[in-house]
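Survey of secondary and tertiary structure
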Amino acid sequence: MSLELKSKIENVFPTEIPKEFQFAVARGMMEGLHYLINGEIVPWSGETCEVFSPVCVNRDGKLEPFKLADSPMMDEATALRALDAADKAYDEGRGVWPQMSLEQRTGCIKNFVRLMKQERDTVVALEMLEIGKTKKDCEKEFDRTVEYIERTVDTMGDLKKYLSEAGTVGSVARQPHGTMLCMGPFNYPLNETFTVLIPALAMGNTVVVKGPKMGMLCSVPLYDAFRQSLPDGVINFINGDGRTVVTPIMKSGKLDAFAFIGGSGTYDAILKSCPNPRSMYKNAGLEAKNAAIILPDADLESTVKECVSGALSFNGQRCTALKILYVHESIADDFVKKYSEAVSKLSVGMPWENPNITPVPDLASAKRFKELVDDAVGKGAKVVNECGGVANQTMFFPAVLYPVNDSMRIYREEQFGPVSPVAVYSSVDGPIDAINNSRYGQQVSIFGTHEGEIAHVVRGLKNAVSRININTQCMRGPDSFPFTGRKDSAVETLSITDALLEFSRPVVVASSEKNAELVKRLGELV
Ligand code: G3H
């Protein structure tokens, strides 16, 4: 074990959060308890919970969690007040917001994004401190989200169609579903939430956003931008325990749409209390177990590079991360040597230092990663990289497990963290079968050079996953590409254009051909 790396892990935590981010800590402490309902930003005075950073601070040799804010643990009545505000703003489709033209709503959203940009430093710093993502990646996430919003409003004008067939003409427009509940994830609390929230708003829906338990703070500095840009009640933010605040909203039967990013278990549990599941529109990004299949003739140097980044960017806490690597037996030992050497070279540090590996959200996550490693090791796998699985509080150094097999939890469970299992195959039909039989079906990466071999895998997997990456890692972007999954990995599809279609439904003004001009004029109203 490298003593240098071990010592870095042992001494990774600072004695203080750097001064340059104290302004964000102050904002968190000051504003964390605020919430936005019906156009009013007010402080919560009920039950609260503490928000800690994954970054611990070393106080006289003792590591302590660093407190960032208090956050509201709202009650049922407040959650229902948020729903009521959204419901009234929608007013069965006759509210100000759903009645606005696309151009008017575009204007409001452009105003929001102008104000959002002014909060970049605070949003970035709060996200970095709350979820432990590197500063560079939080900045990228912020900028990608701004670009997504700007491209969304630019695309909205292209949604109208005029049809004419067999003597009938029709103006086809898109109208909102109605009142929506939106729940985003901890790992991309800004981007993933906003890539459903903004298109839903743009199409005229009114929304209640329930912030994630970890990652709720970065939205707080944007409440005022929303308040200033949108009519009262169009957007409302709530926080708290899901059973207390989400279940009553779902149970009310007043939701027309539900957008969710997170685990399928939670998604299913929430839907159980929905009295109208058939008529409620659903959109979800759920778990995945994206695999890399490394063919015998793969270029090892570039494959190792893509796999390290694909498996371990943001500590592997991405739904698109490579969560299992299948390597052909003829190159397995060579690949694993190169892969584990590359993993051992990853830098560890604090999110503001922009290292490769940062602390994971909490001790419970670190414990779960250790359990997955122990389970695999107990069943015959080895941790093959230096310091693999070495942990210090929330800092967990990635563990490369080799060889793994289907008796181990890590073979099929989504780890969502820095544990990277490698399985060996003799015939590529083995991994093809395993992926087809998996509960999940988001993406796959194929690494190889012989086109015929790659084509065989593409044919074997084209109905098992939703994106097949050739000699590159799995990823969501670019944002014009459809992002979805099969089986338990997703419900419906997102992209800049798809999201606008998903969060709306077609409405046609139609008549016979002789009324074509009237249809065009009335079509402008929808
Ligand atoms: O966690 C899921 C994200 O949507 C992944 O996005 O591939 O751009 O990191 P990414």
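Criteria and thresholds
- The residue numbering used here restarts from 1 in each chain and proceeds along that chain's sequence as written.
- A pLDDT threshold of at least 70 governs which residues receive local features in this predicted model, and a stricter bar of 80 or more applies before side-chain atom pairs are shown or counted, although totals over entire chains, interfaces and linings include all residues.
- Hydrogen atoms and water are omitted, and side-chain values are computed over all heavy atoms in the structure.
- Three exposure classes are used, based on accessible area relative to the maximum for each residue type with a 1.4 Å probe and protein chains only: buried under 20%, partly exposed in between, and exposed over 50%.
- To qualify as a helix, a DSSP run of H or I must reach at least 4 residues; to qualify as a strand, a run of E must reach at least 2; elements of each kind are numbered from the N terminus.
- Of all possible arcs, the one meant is that of the directions from the helix axis to the C-beta atoms.
- In this document the domain limits rely on a domain assignment from an automatic tool or a database.
- By definition, residues are in contact when any of their heavy atoms lie within 4.5 Å.
- Buried area: the accessible area, evaluated with a 1.4 Å probe, that two parts lose upon being put together, summed over both parts.
- Salt bridge criterion: a side-chain nitrogen from Lys or Arg within 4 Å of a carboxyl oxygen from Asp or Glu.
- Here a polar contact is taken to be a pair of N or O atoms separated by no more than 3.5 Å, where protein atoms must pair a possible hydrogen donor with a possible acceptor and residues adjacent in sequence count only if both atoms sit in side chains.
- Centres within 6.5 Å make a pair out of two Phe, Tyr or Trp rings, where for Trp the six-membered ring is used; the pair is then stacked when the planes are under 30 degrees apart, edge-to-face when over 60, and tilted otherwise.

**A few points about helix 16 (residues 429–437)**
Along helix 16, the residues that are buried comprise Pro431, Ile432 and Ile435. Looking straight down helix 16, one finds that the buried residues subtend no more than 105° of arc, so they occupy a single side.

**Overview of unusual backbone geometry**
Omega for the bond connecting Tyr402 with Pro403 falls within 30 degrees of zero, at -15°, which places this linkage in the cis form. Summarising the element assignment, Pro403 is placed in the loop between strand 17 (399–402) and helix 15 (409–412). Here Gly477 and Pro478 are connected by a cis peptide whose omega angle stands at -5°. Mapped onto the elements, Pro478 comes out in the loop between strand 21 (467–470) and strand 22 (486–487). Its identity is not glycine, yet Asn354 carries a phi of approximately 55°, on the positive side. Structurally, the position occupied by Asn354 is in the loop between helix 13 (332–344) and helix 14 (363–378). The phi torsion at Gln393 lies on the positive side, around 55°, for a residue other than glycine.

**Some words on the domain arrangement of the protein chain**
When its domains are assigned, the protein chain resolves into domain 1 (15–285) and domain 2 (291–470). Centre-to-centre separation of domain 1 and domain 2, based on C-alpha positions: 32 Å. Taken residue by residue, the interface counts 21 residues in domain 1 and 19 residues in domain 2. Summing both partners gives a buried area of about 1,600 Å² for domain 1 against domain 2, and 69% of it is carried by carbon and sulfur. Among the residues domain 1 hides against domain 2, the three largest losses belong to Pro54, Thr134 and Phe186. Together they make up 25% of the total. Counting across the interface, domain 1 meets domain 2 through zero salt bridges. Applying the counting rule to domain 1 against domain 2 returns seven residue pairs in polar contact (both at pLDDT 80 or more). Listing elements by their share of the side of domain 1 that touches domain 2, those giving two or more residues are strand 3 (48–59), helix 6 (120–131) and helix 7 (135–155).

**As for the packing of aromatic side chains**
Following the criterion strictly, the structure yields 15 aromatic pairs and no others. Seen in terms of ring centroids, Phe186 and Phe416 are 6.1 Å apart; in terms of plane orientation they differ by 65°. Their pairing is edge-to-face. Here Phe186 is found in the loop between strand 7 (179–183) and helix 8 (191–202), whereas its partner Phe416 is found in the loop between helix 15 and strand 18 (419–425), with 230 residues between them in sequence. For the pair Phe186 and Phe416, one class covers both residues: buried. Ring plane angle 15° and centroid distance 5.3 Å describe the contact between Phe335 and Tyr339, whose orientation is recorded as stacked. Of this pair, Phe335 and Tyr339 both sit in helix 13, four residues apart, which is roughly one turn of the helix. Its relative accessible area of 0% is what places Tyr339 among the buried residues. Cluster of aromatic residues (ring-pair linked, three or more members): Phe112, Phe194, Tyr223, Phe226 and Phe237.

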